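# Breakdown of the fold
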Amino acid sequence: MGESGTTCYSSSPSGYGIGPPWLFRGRALYQLHLVKAEIARAFIPKELKLVEAFGYTLGGLFLAHYDDSPAGVFDELVVIAGIVWNPPTSCAWASRVLVNSHEACRHGRKEIGLPSHVAIFSKRNTKASDQPLYKHQTSSIHSKPKEHSELQVLEMEDYSQTSICSISLPFAGDRWMGPKIRISLPSFSGQTMHNPQLLKYSCQIECRVRAVKAAKVSRPRIIQLDEFSTDIRAKEKNVDDRLSTENEERNRSIAVLLSKPIMALEFNLLKMQVEAPTVVAT
């Protein structure tokens, strides 16, 4: 449950001061995967019990583009390691959160207790030759119908960029957005360097939802660290130890993303209200 040494900077006043609750509007892909229990268990605090059957738990990803939020326009990829018991129901546990907003990263770490990291989201539309190959930072993660896009997520860490995954996003051929629903997504968080307490929070969601074909997640291409950054890191053993732990946690999160998808839901006209977390007594 360690975190990168990447600093989450903020160059402007935070819109998060208006909340809680904090309101996010946009669209998202919520994809459920069968995740090996041994992978998920490495992220789950000992106080919590993993929900599992036949050696697997239910994890996956939440990939969102927010058009309006306390941090403005940004993209987010939440890696869900698994589900833990919270009688009489259950809660999700995020193993990694990637955002292309320093302010969203800072808020996630300090206020929500999330393992947030700054990232670059680069999209390439395979059938849009008249468009630039890649659009960074605030570009949409969901293109117009009849296009097929490849999304690459690069995590920023100190002196380097580390490729997390590539996501192939197919698109349905119709404009029907599905019925309007309201759901609550409870989650546990915390026990990180920035927020050591065990926390619980909830996301209240209103949206139009429909089942879609699962996005295909592929292995990242390797980006080597430059010699200068490698030399700096090699000088201090504690830095090396941190990097080793961080690499293990990153690789386990990638394993979650590469696990078998079983269902994918597209959230349109998304309105998500995030409540302030509460401390869980242990």
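Scroll up to find the structure.
Keep in mind that this is a model prediction, so the values were computed, not measured.

The rules we used
Residues numbered from 1 in each chain as written. Predicted model: local features only at pLDDT ≥ 70, side-chain atom pairs only at ≥ 80, totals over all residues. Heavy atoms only, no water. Helix = DSSP H or I, 4+ residues; strand = E, 2+ residues; numbered from the N terminus. Contact = heavy atoms within 4.5 Å. Buried < 20%, exposed > 50% of the residue type's maximum accessible area, 1.4 Å probe, protein only. Lys, Arg positive; Asp, Glu negative; His and termini not counted. Salt bridge = Lys/Arg side-chain N within 4 Å of Asp/Glu carboxyl O. Polar contact = N/O pair within 3.5 Å; in protein donor to acceptor, adjacent residues only side chain to side chain. Core = buried A, V, L, I, M, F, W, Y, C linked by side-chain atoms within 4.5 Å. Phe/Tyr/Trp six-rings, centres within 6.5 Å; stacked < 30°, edge-to-face > 60°. Lys NZ or Arg CZ within 6 Å of the ring centre and 35° of its normal. Pairing = 2+ DSSP bridges.

### A short note on the overall build of the chain
In terms of regular secondary structure, the chain is built from 4 helices and 12 strands. Looking at the chain alone, contacts between residues at least 24 apart form 71% of all its contacts between residues at least 6 apart.

### A short note on the side chain of Asp 75
Tracing the sequence through the fold places Asp 75 in strand β3 (residues 74–86). Arg 27 provides the closest opposite charge to the buried, salt-bridge-free Asp 75, at an N-O distance of 7.1 Å. Among the polar contacts made by the side chain of Asp 75, one reaches the side chain of His 65 at a distance of 2.5 Å.

### Here we look at the nonpolar core
Counting 34 residues, the largest nonpolar core has Leu 63, Leu 77, Phe 121, Val 153, Cys 165, Ile 167 and Leu 257 as the members making the most contacts within it. Apart from residues lying up to four places away in sequence, Ile 167 is in contact with Leu 63, Leu 77, Ser 149, Glu 150, Leu 151, Ala 215, Lys 216 and Val 217. With 32 residues, the next largest nonpolar core counts Phe 24, Ala 28, Phe 62 and Leu 265 among its residues.

### Brief notes about the packing of aromatic side chains
Taken as a whole, this structure holds 7 aromatic pairs when the rule is applied. Seen from their ring centres, Tyr 16 and Trp 22 are 6.5 Å apart, and the 70 degrees between their planes marks the pair as edge-to-face. Trp 22 carries the same exposure label as Tyr 16, and that label is buried. On the numbers, 5.0 Å between centres and 55 degrees between planes, the contact of Tyr 66 with Phe 74 is tilted. This pair shows no difference in class: Tyr 66 is buried, exactly as Phe 74 is. Members of the aromatic cluster, joined through ring pairs, are Phe 24, Tyr 66 and Phe 74. One residue, Arg 252, lies across the ring of Phe 43, its end atom 5.3 Å from the ring centre.

### Some thoughts on helix α2 (residues 102–112)
Restricting attention to buried positions, one finds in α2 the residues Glu 103, Ala 104, Cys 105, His 107, Gly 108, Arg 109 and Ile 112. Against the buried residues of α2 lie β1 (22–36), β3, β4 (89–99), β5 (116–125), β8 (180–190) and β9 (198–211). Gly 113 occupies a position one or two residues after α2 and carries a positive phi of about 75 degrees.

### Remarks on unusual backbone geometry
A cis amide bond, omega -5 degrees, links Gly 19 with the succeeding residue Pro 20. Tracing the sequence through the fold places Pro 20 in the segment before β1. Here Pro 20 and Pro 21 are connected by a cis peptide whose omega angle stands at 0 degrees. Unusually for a residue other than glycine, Gln 191 sits at a positive phi of about 55 degrees. Within the secondary structure layout, Gln 191 lies in the loop between β8 and β9. The phi dihedral of Leu 269 falls on the positive side, at around 50 degrees, and the residue is not glycine.

### Examining the pairing of β3
Counting buried positions along β3 gives 12 out of 13 residues, so the element sits mostly inside the fold. In this structure, the hairpin formed by strand β2 (residues 56–68) and β3 is closed by a connection of 5 residues, where Gly 72 is found at a positive phi of approximately 85 degrees. Of the strand pairs in this sheet, β3 and β4 are connected by 10 bridges, and their pairing is antiparallel. Among the inter-strand pairings, Ile 80 is bridged to a residue of β4, identified as Ala 94. The antiparallel hairpin formed by β3 and β4 contains 2 residues in its connecting segment.

### Considerations on the environment of Ser 218
Structurally, the position occupied by Ser 218 is in strand β10 (residues 216–218). Residue Ser 218 is classed as partly exposed on the basis of its relative accessible area, which comes to 30%. Taking the C-alpha atoms as reference, Ser 218 lies 9.3 Å from Ile 254; in sequence the two are 36 residues apart.

Geometric descriptors of this kind do not, in isolation, establish any biological role.
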